[in-house]
Amino acid sequence: MKDIILFGGGGHCYATIALIRSLGEYAPNVIYDDNPKEEDIMGVGLKQYQNEDFFEKSLCISIGDNNVRKVKANKFSKAKFPSFIHSSSVIYPSANVGKGSLILPNAVLDAECRVGNFCIINNNATVSHNVVIEDFVHIAINVAIAGGVSVGEGSLLGAGSIILPDIKIGKWAVIGAGAVVTKDVPDNAVVYGNPARIIKNNSSE
């Protein structure tokens, strides 16, 4: 198996290690973190990052926070970023997944879906036909996205949220857990409820 370096030693790292190991092509050999809290995670050594150079090395950014993941992806842009797709997920042949993205167990990507770079499509998420998901998006567990939806860069769709057909979600928006989105969501908006309503705006970027 080929070695791969992970960056980020928080909770999302556990799921990332399990996903990579399940596929049998890469083996996580070290985890770097700016502020490591443990000596290892699931048997993989965790080290303080001290400006190591990842040029042309295989790297996975195991960070759940979309904004931080973007910062690190830009910082380490000369590394190689494979994507990882769990064997239980259903990916139609016409779907496309960008570099550095993680597709976790039982996710579904329907016909002509486009998933950008450094995205997370979490457990049991369903992404219907002709959906476009831009870079650094996190689709949480049990999210249901209907056909024709677009999701802007850096947005977070909370667990169990439902996005109705042809909705446009702007950049760096947050969709609350369980929300039902019935109309377009502007950039930086935070929405909750059924139907989802804007409760505030953020400045994530």
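Our subject is the structure listed above.
Residues numbered from 1 in each chain as written. Predicted model: local features only at pLDDT ≥ 70, side-chain atom pairs only at ≥ 80, totals over all residues. Heavy atoms only, no water.

Structural notes on the pairing of strand S24 (residues 197-201)
The line we're drawing: For the exposure calls, accessible area comes from a 1.4 Å probe over protein chains only, and a residue counts as buried if that area is under 20% of its type's maximum, exposed if over 50%, partly exposed in between. Helix and strand assignments follow DSSP, with helices taken as H or I runs no shorter than four residues and strands as E runs no shorter than two, numbered in order from the N terminus. We treat two strands as partners when DSSP finds at least two bridges between them.
For S24, a buried count of 0 out of 5 residues is recorded, marking the element as mostly open to its surroundings. As paired elements, strand S23 (residues 189-192) and S24 share 4 bridges and run antiparallel to each other. Directly across from Tyr192, in S24, lies its bridge partner Arg197. Hairpin connection of S23 to S24: 4 residues between the antiparallel strands, including Gly193 at a positive phi of 100°.

Considering helix H2 (residues 66-75)
Put simply, the test is: By the convention used here, residues are in contact when the closest approach between their heavy atoms is within 4.5 Å. As used in this structure description, the phrase polar contact means that two N or O atoms lie within 3.5 Å; if the pair is within protein, one of them must be able to donate a hydrogen and the other to accept it, and residues adjacent in sequence are counted only when both atoms belong to side chains.
All buried positions along H2 are accounted for by Asn66, Arg69, Lys70, Lys72 and Ala73. As for H2, its buried residues are in contact with strand S1 (2-7), strand S5 (59-61), strand S12 (120-121), strand S15 (138-139) and strand S18 (156-157). Between the side-chain oxygen at the start of H2 and the backbone nitrogen of Asn67 there is a gap of 3.0 Å, and the oxygen is on Asp65.

Concerning the side chain of Thr16
Position of Thr16 among the secondary structure elements: in helix H1 (residues 11-23). Look at Thr16 and you get buried, because its relative accessible area is 1%. Separated by 2.9 Å, the side chain of Thr16 and the backbone oxygen of His12 make a polar contact. Residue contacts for Thr16: discarding those within four places in its chain leaves Leu6, Cys60, Ser62 and Leu102.

Some words on the sheet that holds strand S22 (residues 180-181)
Strands sit in the order S7-S10-S13-S16-S19-S22 across an open sheet of 6 strands; the sheet is parallel. The sheet is open, and its two borders are formed by strand S7 (90-91) and S22, each paired with just one other strand.

Considerations on the environment of Ala125
Mapped onto the fold, Ala125 is located in the loop between S12 and strand S13 (126-127). Through-space distance from the C-alpha of Ala125 to that of Tyr49 is 33 Å; in sequence the pair is 76 residues apart. Sequence-distant contacts of Ala125, that is, excluding residues within four places in its chain, are made with Asn106, Ala107, Val108, Ile139, Ala140, Asn142 and Val143.

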